[in-house]
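Okay, here's what each chain looks like letter by letter:
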Amino acid sequence: QVQLVESGGGLVQPGGSLRLSCAASVVTATMSWWRQAPGKEREYVAIITTASGFTRYADSVKGRFIISRDGAENTVYLQMNSLKPEDTAAYYCKVAVGGRVYWGQGTQVTVSS
């Protein structure tokens, strides 16, 4: 059973920063972050290849968010800068292992003054 443990969410003012973490119980080829706002579908945010560190971002967060990983700890991070109210959502870590997809429990990020 693959386990993903997320942390780092919270309430922040517009323009502020937060750092999310996701620790996986196994080594995976890629790790990604997704988010889901109330009443909306879950959307892709960023992905990283754990071996090479190759990254890709959704256009909505490009230039503001940075995804990184600590390979030794099977942990992926999402540094979120210049946060906007529209970034408010539950953020989820996702991995695929053995043809199955696993999601973390989610961590809430609220951007509000």
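Above this text is the structure in question.
This is a predicted model, so every value here is computed, not measured. (Residues numbered from 1 in each chain as written. Predicted model: local features only at pLDDT ≥ 70, side-chain atom pairs only at ≥ 80, totals over all residues. Heavy atoms only, no water.)

### Describing the pattern of salt bridges
Summed over all chains, the structure comprises 4 salt bridges. The partner of Arg-35 in a salt bridge is Glu-43, and the shortest N-O contact between them spans 2.6 Å. On the basis of relative accessibility, which here comes to 6%, the residue Arg-35 falls in the buried class. Counted as one network, the salt bridges with shared partners bring together Arg-35, Glu-43, Arg-64 and Asp-87. (Salt bridge = Lys/Arg side-chain N within 4 Å of Asp/Glu carboxyl O. Buried < 20%, exposed > 50% of the residue type's maximum accessible area, 1.4 Å probe, protein only.)

### Describing the packing of aromatic side chains
Tallied over the full model, the rule gives 3 aromatic pairs. Relative to Tyr-44, the ring of Trp-34 has its centre 5.9 Å away and its plane inclined at 75°; by these criteria the two rings are edge-to-face. In this pair, Trp-34 sits in strand 4 (residues 30-36) while Tyr-44 sits in strand 5 (residues 43-49), placing the two residues 10 residues apart along the sequence. Through a chain of ring-to-ring contacts, three or more aromatic side chains come together here, namely Trp-34, Tyr-44, Tyr-92 and Trp-103. (Phe/Tyr/Trp six-rings, centres within 6.5 Å; stacked < 30°, edge-to-face > 60°. Helix = DSSP H or I, 4+ residues; strand = E, 2+ residues; numbered from the N terminus.)

### Notes on the environment of Glu-6
Turning to its location among the elements, Glu-6 is positioned in strand 1 (residues 4-7). When its relative accessible area of 6% is taken as the criterion, Glu-6 is described as buried. When sequence neighbours within four positions are dropped, the list of residues in contact with Glu-6 reads Ser-21, Cys-22, Trp-33, Tyr-91, Tyr-92, Cys-93, Gly-104, Gln-105, Gly-106 and Thr-107. There is a polar contact of 2.5 Å between the side chain of Glu-6 and the backbone nitrogen of Gly-106. (Contact = heavy atoms within 4.5 Å. Polar contact = N/O pair within 3.5 Å; in protein donor to acceptor, adjacent residues only side chain to side chain.)

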